[in-house]
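Listed below, chain by chain, are the residues.
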Amino acid sequence: MEQISDIDSATDTSRISISAHYTGYIWYKNGLSHQQFVTPMGRAAYWALRPMNGFMQLMVGASIDTFLLQRHFVLDHLVEQAIAEGYEQVVELAAGLSSRGYLIKQAHPEVHYVEGDLPGMSARKAELLDNLGRPAGHITQPCNILDESGPQSIEALLDGLDKTKKTLIITEGLVNYFDLPTIRKVWARMAIAMKAFPQSRYITEVYPKLEQHPSYKYVQVAQKVVGFFTQGEYPLHYNSDEAMQQGFLEDGFAQVNVTAPEDYYGKLDMPTSSRQSLVRLVVADA
Ligand SMILES: C[S@@+](CC[C@H](N)C(=O)[O-])C[C@H]1O[C@@H](n2cnc3c(N)ncnc32)[C@H](O)[C@@H]1O
């Protein structure tokens, strides 16, 4: 019995879930989400972080919210691109209070969209979607990315899907809450499980450790603030695009493309930063 509770506490990362309230509010405030996904906690966190955002804007040339919005816009674009390429099943892990699934289902009712998150957040999201009138083919499912087996593992979630369809997995605002060895283990498991589909792709954002970046010391301050809010660490991963690409290839992905928000300036209508961006977008085909 003692052993079971030890395992549970090792994989219980629900402390991170508070961050979904914040990002949920940012998406709404910038016209990217439905009001239904706003929570009082998200609103309060927004006001609490406003001074920090002002400081970052001054020192880094962009606020935390700019980097959040850049990643969200580019991820939306990459998902739309995949759907245009025939991806019919989309799995959004750690979907939180994002309304991406809701909006994609409105634009593409034929897409089968599964939102996975920890049980508490997943139940909350299920209720919100039900209140909005959830269409067929929009599923919420408890999933803990750290579970290597069992009903809430990524493997179990993927196993429940149609194996004849091109399948896309997305994570947003998740991977930097884990140290690199931990999240690489998840990526390697994902790459194996994704091989069950005729074609499969994983899309995520990664915040790299750009020690040479002129704003690195302010990034470290932001890291500490995020860590304080979520009662944990917020480690940055890889110190170059090449190292990031190589890491994903070693984790079992066959083709990996790393881009930065700057690559989409002029193509996507999104906020820009005056200095080199601090987030990267990874598209990894299994
Ligand atoms: C910063 S929020 C991101 C939410 C959403 N993707 C967005 O960008 O607005 C992080 C999310 O990760 C989820 N999460 C934390 N640990 C997790 C785990 N082990 N497995 C799956 N999801 C997890 C939290 O519940 C939360 O919804």
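In the block above lies the structure referred to throughout.
These numbers come from a predicted model, not from an experiment. (Residues numbered from 1 in each chain as written. Predicted model: local features only at pLDDT ≥ 70, side-chain atom pairs only at ≥ 80, totals over all residues. Heavy atoms only, no water.)

Colleague: Can you help me understand the layout of surface pockets in this one?
Modeller: Over the atoms rolls a probe the size of a water molecule, and in doing so it shows where empty space is left. As a volume, the largest pocket reaches approximately 160 Å³. Of all the secondary-structure elements, those providing two or more residues to the lining of the largest pocket are helix 4 (64–84) and helix 5 (100–107). Class assignment of the residues belonging to the lining of the largest pocket gives a composition of four nonpolar, three polar and three charged. (1 Å grid on protein atoms, 1.4 Å probe; cavity = no way out; pocket = protein on both sides within 12 Å on 5 of 7 lines; lining within 4 Å. Points joined across faces, edges and corners; volume = space filled by probe spheres on them. Helix = DSSP H or I, 4+ residues; strand = E, 2+ residues; numbered from the N terminus. Nonpolar A, V, L, I, M, F, W, Y, C, P; charged D, E, K, R; others polar.)

Colleague: Help me understand unusual backbone geometry in this model?
Modeller: Generally, phi is negative for residues other than glycine and the peptide bonds are trans, each holding for most cases. Non-glycine residue Ala94 carries a positive phi angle of around 60 degrees. Phi angles above zero are rare outside glycine, and Gln231 is one such case at about 50 degrees.

Colleague: How do you make sense of the sheet that holds strand 5 (residues 200–206) when you look at a structure like this?
Modeller: Hydrogen bonding along the main chain pairs the strands of a sheet, whether they run parallel or antiparallel. Taken in spatial order, the seven strands of this open sheet run 3-2-1-4-5-7-6, and their pairing is mixed. In the strand order of this sheet, the two ends are held by strand 3 (138–142) and strand 6 (255–259), each with one partner. Averaged over all neighbouring strand pairs, the angle between strand axes comes to 15 degrees, with direction disregarded. Across five bridges, the pairing between strand 1 (residues 89–93) and strand 2 (residues 112–117) is parallel. Directly across from Leu93, in strand 2, lies its bridge partner Gly116. Lying on the sheet, helix 5 is in contact with strand 1, strand 2, strand 3 and strand 4 (167–171); it crosses strand 2 at an angle near 175 degrees. Docked against the sheet, helix 10 (residues 241–250) engages strand 5, strand 6 and strand 7 (280–285), running at close to 155 degrees with respect to strand 6. (Pairing = 2+ DSSP bridges. Axes fitted to C-alpha atoms, helices over the stretch in contact; angles between N-to-C directions. Contact = heavy atoms within 4.5 Å.)

Colleague: Honestly, the site of the ligand in this entry has me stumped. Any pointers?
Modeller: Residues in close proximity to the ligand total 22 residues, the closest being Thr13, Ser17, Ala94, Asp117 and Asn144. Contacts to the ligand include Thr13, whose side-chain N or O atom sits 2.7 Å from a nitrogen atom. One of the backbone nitrogen or oxygen atoms of Ala94 is found 2.8 Å away from a nitrogen atom of the ligand. The fraction of the free accessible surface of the ligand (600 Å²) that becomes covered by protein chains is 99%. A molecule is said to occupy a pocket when more than half its atoms come within 2 Å of that pocket's grid points, and by this definition the ligand occupies the largest cavity. Here the element with the most residues in the shell around the ligand is helix 2 (residues 18–29); it accounts for four residues. The residue makeup of the shell around the ligand, split by class, is 11 nonpolar, eight polar and three charged. (Near = heavy atom within 4 Å. Polar contact = N/O pair within 3.5 Å; in protein donor to acceptor, adjacent residues only side chain to side chain. Areas by Shrake-Rupley, 256 points an atom, 1.4 Å probe, with all protein chains shown as cover. Sits in = over half its atoms within 2 Å of the grid points.)

By themselves, these are just geometric observations and shouldn't be taken as functional.
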